[in-house]
Amino acid sequence: MVHHTALAASLLAILTPSVPVADGFTFSPSHPSLRRRTSSLHMKKGGGGRGGGGGGFGKKVTTMNIKTKKPKSDFVYAGSVRPYPQSPTRLVDPEKVLTLPDYAIDGVPKKKGGTNGVEVKSAEEIVKMRASGRAAREVLDIAGRLVAPGVTTDAIDAAVHAACIERGAYPSPLNYRKFPKSCCTSVNEVICHGIPDERPLEEGDIVNIDITVYLDGYHGDCSEMFVVGGKEALDEAGQKLIQTTYDSWLSSLELVRPGVDFNVIGKVIQDYITPRGYSTVRSFCGHGIGSVFHCAPNIYHYTVNQPLGLIKAGNVFTIEPMICEKLADPYMWDDDWTATTVDGGRSAQFEHTLLVTDDGVEAMTGKIETSPLQFWEAESEVRKGVWLGTSENARKRAGELNCSM
């Protein structure tokens, strides 16, 4: 364990705000080849910018702090979800985690990804990333078990925070570009970056819980959908949205292997959802990950009609499509983090941290022996049961795990 005794006083002093303000994590502009005009009726939406360099959890910000920012009384919301009061930001004792990310104190990430394109991870890095991925999965499963009517997303955040610390890991979202909580909880029409608060979950809500942990110098990142009250509490349209999102995601995961162009990922997702009447968010993307939270490549979840580079063994990145019932244009709340659909339609998302192997791909955040099997996994049109990857080793482990379930 790496001790940061000298930093403890500073960390405790800085990470004590009462309510949040921050900017969008996984923001990345649409690929230049596919920019399109959008209506002024979309009101306040996520901004644009130049692609490349790893989009991930944070668009650039100019000035930002983590002090109280109350919603404007005249703010127009797109759907039924509203912000609720938030608890004080939770503290991290540096002596209880193996190491701190470079933004833990001031909220400003400093370390950049490699300068030679997409990193190929070393054997030592892969070992550490398997550990961080396993920890992220354990924490996500803990969070998911808490999803029930009447439970607040703040209570889920508290459990996530504690579970990270118990594993010697720092909750990666905390104070990343001043984000005030330890995970993201995105309910119904919230596309991503929902801030946990005191809103009680309601039967029939759908919620994405996004977990990233920083363990021994490396991040592990994953997210999953949960239904409040279970499948029976969810209307048929909601069930179809989640199933379509999962199967489009799985279709893209199945194609990842050395020698395939990165543009295949987005194409298969868009080709899967469009005939079924859904839309894919273009303003947020997947990303490379490792010792840096977000780095190259940007992973687009829509068709890009030009080469984006070839996937190589040792690449590690996330695929995390956000699929919407209606329009996929993001509408930003005035907390500068929460992105909802512009029309109030619901959105769903899944995410793994993926390692490309010589014979396919493996989910470093894949399910484990204690993970639940969800209805969209059992009923998948692409591959039924738990998915752990396409490599020979991953297929074997998935088979054993599915038999045990």
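Residues numbered from 1 in each chain as written. Predicted model: local features only at pLDDT ≥ 70, side-chain atom pairs only at ≥ 80, totals over all residues. Heavy atoms only, no water.

Enquirer: Can you help me understand helix 3 (residues 153-166) in this one?
Expert: An α-helical turn contains 3.6 residues, so any two residues separated by three or four positions project in the same direction. Across its 14 residues, helix 3 extends 20 Å between first and last C-alpha, which sits within 8% of the 20 Å expected from 1.5 Å per residue. Among all positions of helix 3, only Thr153, Asp154, Ile156, Asp157, Val160, His161, Ala163, Cys164 and Ile165 are buried. The secondary structure elements touched by the buried residues of helix 3 are helix 2 (123-145), strand 1 (170-171), strand 2 (184-187) and strand 4 (206-215). Backbone geometry just downstream of helix 3 places glycine 168 in the positive-phi region, at approximately 75°. (Helix = DSSP H or I, 4+ residues; strand = E, 2+ residues; numbered from the N terminus. Expected span 1.5 Å × (residues − 1). Buried < 20%, exposed > 50% of the residue type's maximum accessible area, 1.4 Å probe, protein only. Contact = heavy atoms within 4.5 Å.)

Enquirer: What is the right way to read unusual backbone geometry from this model?
Expert: Excluding glycine, residues mostly have negative phi values, and the peptide bonds linking residues are mostly trans. In this structure, proline 297 follows alanine 296 across a cis peptide bond, with omega equal to 10°. Of note in the backbone geometry, aspartate 336 takes a positive phi value of approximately 70° without being a glycine. Along the chain, aspartate 336 falls in the loop between strand 11 (330-332) and strand 12 (339-341).

Enquirer: Got a minute to help me understand the confidence of the model for the protein chain in this structure?
Expert: When pLDDT is low, close inspection of the predicted coordinates is not appropriate. For the protein chain, per-residue confidence averages 86 on the pLDDT scale, and 82% of positions sit at 70 or higher. pLDDT under 50 marks residues 1-68. Its contacts with residues more than four places away, or in other chains, come to 205 contacts. (pLDDT = per-residue confidence, 0-100.)

Enquirer: Would you mind showing me how to read the sheet that holds strand 3 (residues 190-192) here?
Expert: The pairing of strands in a sheet happens through backbone hydrogen bonds and is either parallel or antiparallel. Reading across from one edge, 3-12-11 is the order of the three strands in this open sheet, with antiparallel pairing throughout. The open sheet has two edge strands with one neighbour each: strand 3 and strand 11. Averaged over all pairs of adjacent strands, the angle between strand axes in this sheet comes to 50°, irrespective of strand direction. Pairing between strand 3 and strand 12: two bridges, direction antiparallel. Counted as the bridge partner of cysteine 192 is alanine 339 from strand 12. (Pairing = 2+ DSSP bridges. Axes fitted to C-alpha atoms, helices over the stretch in contact; angles between N-to-C directions.)

Enquirer: I would appreciate a short explanation of the nonpolar core in the present structure.
Expert: The biggest cluster of nonpolar side chains holds 33 residues, and the ones touching the most others in it are Ile242, Phe317 and Ile319. Where this core is concerned, the elements lending two or more residues are strand 5 (218-227), helix 4 (236-253), helix 5 (263-273), strand 9 (316-319), strand 14 (352-357), strand 15 (360-363) and helix 6 (375-378). Of the residues forming this core, the biggest block, six residues, is contributed by helix 4. (Core = buried A, V, L, I, M, F, W, Y, C linked by side-chain atoms within 4.5 Å.)

Enquirer: Help me understand the pairing of strand 8 (residues 295-299) in this model?
Expert: As a general feature of sheets, a regular strand has side chains that alternate between the two faces. Taking burial as the measure, the five residues of strand 8 include four buried ones, the bulk of the element. Note: strand 7 (residues 286-288) against strand 8, three bridges, orientation antiparallel. Bridging from a neighbouring strand, glycine 288 pairs with cysteine 295 of strand 8.

Enquirer: What is the right way to look at empty space enclosed by the protein in this model?
Expert: One way to see where empty space is left: roll a probe the size of a water molecule over the atoms. Considering all chains together, one arrives at three cavities of 30 Å³ or more under this definition. Considering only enclosed or pocket space, the largest cavity measures out at about 140 Å³ in volume. Counting residues per element, the lining of the largest cavity draws most heavily on strand 2, which supplies three residues. Here the residues of the lining of the largest cavity sort into six nonpolar, six polar and four charged. Estimates place the volume of the second largest cavity at around 100 Å³. Taken together, 14 residues make up the lining of the second largest cavity; nearest its centre are Tyr246, Trp249, His352, Lys367 and Glu377. Listing elements by their share of the lining of the second largest cavity, those giving two or more residues are strand 5, helix 4 and helix 6. Residue composition of the lining of the second largest cavity, grouped by class: seven nonpolar, two polar and five charged. (1 Å grid on protein atoms, 1.4 Å probe; cavity = no way out; pocket = protein on both sides within 12 Å on 5 of 7 lines; lining within 4 Å. Points joined across faces, edges and corners; volume = space filled by probe spheres on them. Nonpolar A, V, L, I, M, F, W, Y, C, P; charged D, E, K, R; others polar.)

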